[in-house]
Amino acid sequence: MYDFEDSRDRTSGPPLPKPMIALTALEVVRVAVEYPVSVGLDAVLPVRRVGGGRPVLVLPGFSASDSLTRRLRAHLRRQDYRVHGWGLGTNHGLTDEIVAGLPARLDTIHERYGRPVSVVGWSFGGLLARWLGHVRPDHVDRVITLGSPWRPQGEITRTTALFERAARKYGLSPEARDIVDTLRQPMPVPCTAVYSKTDGVVNWRSCALDDAQDQQNIAVVSSHIGLVSNPLSLAVVSDRLAHEHPADAAFVWRRCLHRSLFGQQPRTPTVRS
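The present account deals with the structure reproduced in this document.

Our next topic: a nonpolar patch on the surface. The grouping of Val33, Val37, Leu41 and Val44 at the surface amounts to a nonpolar patch, some 330 Å² of accessible area in total. Relative to the elements of secondary structure, Val33 occurs in helix α2 (residues 27-44). Residue classification places Val33 among the exposed residues on the basis of a relative accessible area of 51%.

Listed below in C-alpha cells is the structure:
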C-alpha cells in the first residue's frame, strides 16, 4: 500500500517482512490451477440457492478491474445473491474518482434494494470495503476481506512501488491519509478476514483481525491472486454470506465444506439414551 512512513504508528511494532520471493514467483502458476478447478466444481456440484436475493458488492484489488472478480461474482450469483461489480474501471488506488465514486456506488445499490449491502473486497479492495463500513455503516451489512493488509506493520508489500507509481500517474486524493487512518480503526460492522499463509504478495499477519465481537479470521491455502477464484476461498465467502445475521454461527470447516460439496449442512449424530 502507500508508504505513509511519516504517519505510521510507531507503537504498532516493526514492519512485517514481505512474503518469500518464491511464493511471489509462483503466484501466476498457482492461480492457473485454482481458477479452472473452481469452474469445474461449480459445474458439477449442487446449487445452494441461499442468497435470497440479498445484495453483494465486490471490489477488485489494486490495478485490477471487475474482470478479475468475475469468477467470484459468478459463484455467488449461482447461489441467488444479487451481485454487483464496482463499475469504476481499473482500481488505481485512492484517486479522486474512486474516493467519490465508491460511496456513491454503494448508495445506489442500497437504494435499489432497500437493505444493507454485503461488501466483499479483494486485496486493496478489502481496505476500501473497510472504509465503506466506516463511512456508511447503515448501508453495509457486513464486510469480507480477501488478503487485505490493513495493519500499519504490513504497509510495505510486494506492490508498494506500484502504488507510488500510480499515485504519480493518476493522482492521489487529498483525503488519502485520512481514509487510511479511518479504515485501520475497529470496524463498526461485522467483518471477516480471509487470508492465506502462503500469500505471495502480502504478509498474512497484516490481514488478520483483532480478537473482537463480530470479527473473524479464516485462513485458506491459496495464492494471493487466487483468493477470488480459489475453491476454498469461495467456499468460505459463501459460508459467511449464507447467514442472515453474521454472528449467527461460528465458522466450522467441516460444515463449510459439507455445504459446498453436498449443498446441505452435515447431520448431527443422533444420541440414543
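This paragraph deals with the packing of aromatic side chains. A full pass over the atoms with the stated rule returns four aromatic pairs. Aromatic side chains Tyr195 and Trp204 sit 5.5 Å apart centroid to centroid with 20° between the ring planes, which places their arrangement in the stacked category. Relative accessible area serves as the criterion here: at 8%, Tyr195 is assigned to the buried category. Connected via pairs of aromatic rings, a cluster forms that spans Phe62, Phe124 and Phe163. Lying over the aromatic face of Trp150, Arg130 brings its terminal NZ or CZ to 4.3 Å of the ring centre. Geometry around Trp204 places Lys197 over its ring, the cationic atom sitting 4.7 Å from the centre.

The sheet built from six strands is open, its strands ordered β2-β1-β3-β4-β5-β6 with parallel pairing. The open sheet has two edge strands with one neighbour each: β2 (82-84) and β6 (215-220). When the angles between neighbouring strand axes are averaged without regard to direction, this sheet yields 20°. Inspection of the sheet shows strand β1 (residues 55-59) paired to strand β3 (residues 117-122) by four bridges, in the parallel sense. Bridging from a neighbouring strand, Val58 pairs with Val120 of β3. The strands touched by helix α8 (residues 231-242) within the sheet are β1, β3, β4 (140-146), β5 (191-196) and β6, with β4 carrying the most contacts at an inclination of about 165°.

Procedures and definitions
Residues numbered from 1 in each chain as written. Predicted model: local features only at pLDDT ≥ 70, side-chain atom pairs only at ≥ 80, totals over all residues. Heavy atoms only, no water. Patch = residues over 30% accessible without salt bridge, like charges linked within 9 Å, V, L, I, M, F, W, Y side chains within 5 Å. Areas by Shrake-Rupley, 256 points an atom, 1.4 Å probe, with all protein chains shown as cover. Salt bridge = Lys/Arg side-chain N within 4 Å of Asp/Glu carboxyl O. Helix = DSSP H or I, 4+ residues; strand = E, 2+ residues; numbered from the N terminus. Buried < 20%, exposed > 50% of the residue type's maximum accessible area, 1.4 Å probe, protein only. Phe/Tyr/Trp six-rings, centres within 6.5 Å; stacked < 30°, edge-to-face > 60°. Lys NZ or Arg CZ within 6 Å of the ring centre and 35° of its normal. Pairing = 2+ DSSP bridges. Axes fitted to C-alpha atoms, helices over the stretch in contact; angles between N-to-C directions. Contact = heavy atoms within 4.5 Å.

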